[in-house]
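So you can see what is in the structure, the chains are spelled out below.
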Amino acid sequence: MTTPPALLIAGHGTRDDAGAEAFRAFVRELGRRHPGLPVAGGFIELSPPPLGEAVTELVDQGVRRFAAVPLMLVSAGHAKGDIPAALAREKERHPGISYTYGRPLGPHPALLSVLERRLAEALGDWDPAEVTVLLVGRGSTDPDANAEVFKAARLLWEGRGYAGVETAFVSLAQPDVPSGLDRCARLGARRIVVLPYFLFTGILPDRVRRQTEEWAAAHPRTGVRSADVIGPEQELLDLVWERYEEAVKGDLRMNCDSCVYRIALPGFEDKVGLPQQPHFHPDDDGHHHHGHGHAHSHSHAH
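Residues numbered from 1 in each chain as written. Predicted model: local features only at pLDDT ≥ 70, side-chain atom pairs only at ≥ 80, totals over all residues. Heavy atoms only, no water.

(A) Broad picture of the sheet that holds strand β8 (residues 223–226). Taken in spatial order, the 4 strands make up an open sheet running β6-β5-β7-β8, and their pairing is parallel. Sheet topology places β6 (164–169) and β8 at the edges, where each strand pairs with a single neighbour. Pairwise comparison of adjacent strand axes, ignoring direction, gives a mean angle of 25 degrees for this sheet. Helix α5 (residues 143–157) rests against β5 (132–137), β6 and β7 (191–196) of the sheet, and its axis sits at about 160 degrees to β6. On top of the sheet, helix α6 (residues 177–186) reaches β5, β6 and β7; it is set at about 160 degrees to β5, its chief contact. (Pairing = 2+ DSSP bridges. Helix = DSSP H or I, 4+ residues; strand = E, 2+ residues; numbered from the N terminus. Axes fitted to C-alpha atoms, helices over the stretch in contact; angles between N-to-C directions. Contact = heavy atoms within 4.5 Å.)

(B) Here's a closer look at the pairing of β5. Burial runs high along β5: 6 of the 6 residues are buried. Of the two faces of β5, the one carrying T132, L134 and V136 and the one carrying V133, L135 and G137 are both buried. As defined by bridge partners, β5 adjoins β6 across 6 bridges and the pair is classed as parallel. Residue pairing for β6: V133 is matched across the bridge by V165. Tracing the backbone out of β5, into α5 and back to the parallel element β6 gives a crossover that is right-handed. By the bridge criterion, 5 bridges tie β5 to β7 in an arrangement that is parallel. In the sheet register, T132 faces β7, and the bridge partner there is I192. (Buried < 20%, exposed > 50% of the residue type's maximum accessible area, 1.4 Å probe, protein only. Right-handed = clockwise from strand over helix to strand, strands pointing away.)

Now the structure itself:
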């Protein structure tokens, strides 16, 4: 009987200790749910352990094949470039290993169900038909990734009875959170629930909540409430396993139709065909090594 590939979880990373520990606890829970299967997880930046250390952990257990799943909601620069480049580097560091690469989590129906639950918790006694939801994503310089957040917002709106679902971003993209709240108000919203489109707690979800509270204080005639992040729910655990099984079977339905590295999108034409390599963040904490240097570039491919 062939031994199934190990499972490697690739996380974004955060300077928030609680957020980083939530990721590590999530990886441990996956390991508990699948005894006998080596499971490890690491970060691309900002938090220990780095992804390379997680690969070494698997190799030290005798693993030669693994499937890597990016624990990310949208397919932005990390999922498209940084993780594949980091994995290619690890293959050079550990001759003889092989891997398959899964796809990001995306606006999966299971995650939409969790978002609906988070909204129900925040709504309290409010009538959903009188509430406008502001879904707030991380934000990216990749227009394809930002478009995926808008897709999630539309799917969340369909059939659930909210007055509307608008979209904003907490970094790198417009509209920002205050502008998104302004838009909701201009559209006539008297009650707004701000819903962070994030897996775990961290610096950016905290910023979303703080900006929401500041806007609400300046607009006392509008009711504003904040919902919680998705969190380590059963649906998320099941979805990661689904992405793992896809990767193992080679059943990857990646959508490349609007990928900035393949298609010349207005204003991003210079990115087409660029080789991908792990990037260095000059504002990284620097107390642990990410191995961003000495990277070997490779062509972008899904």
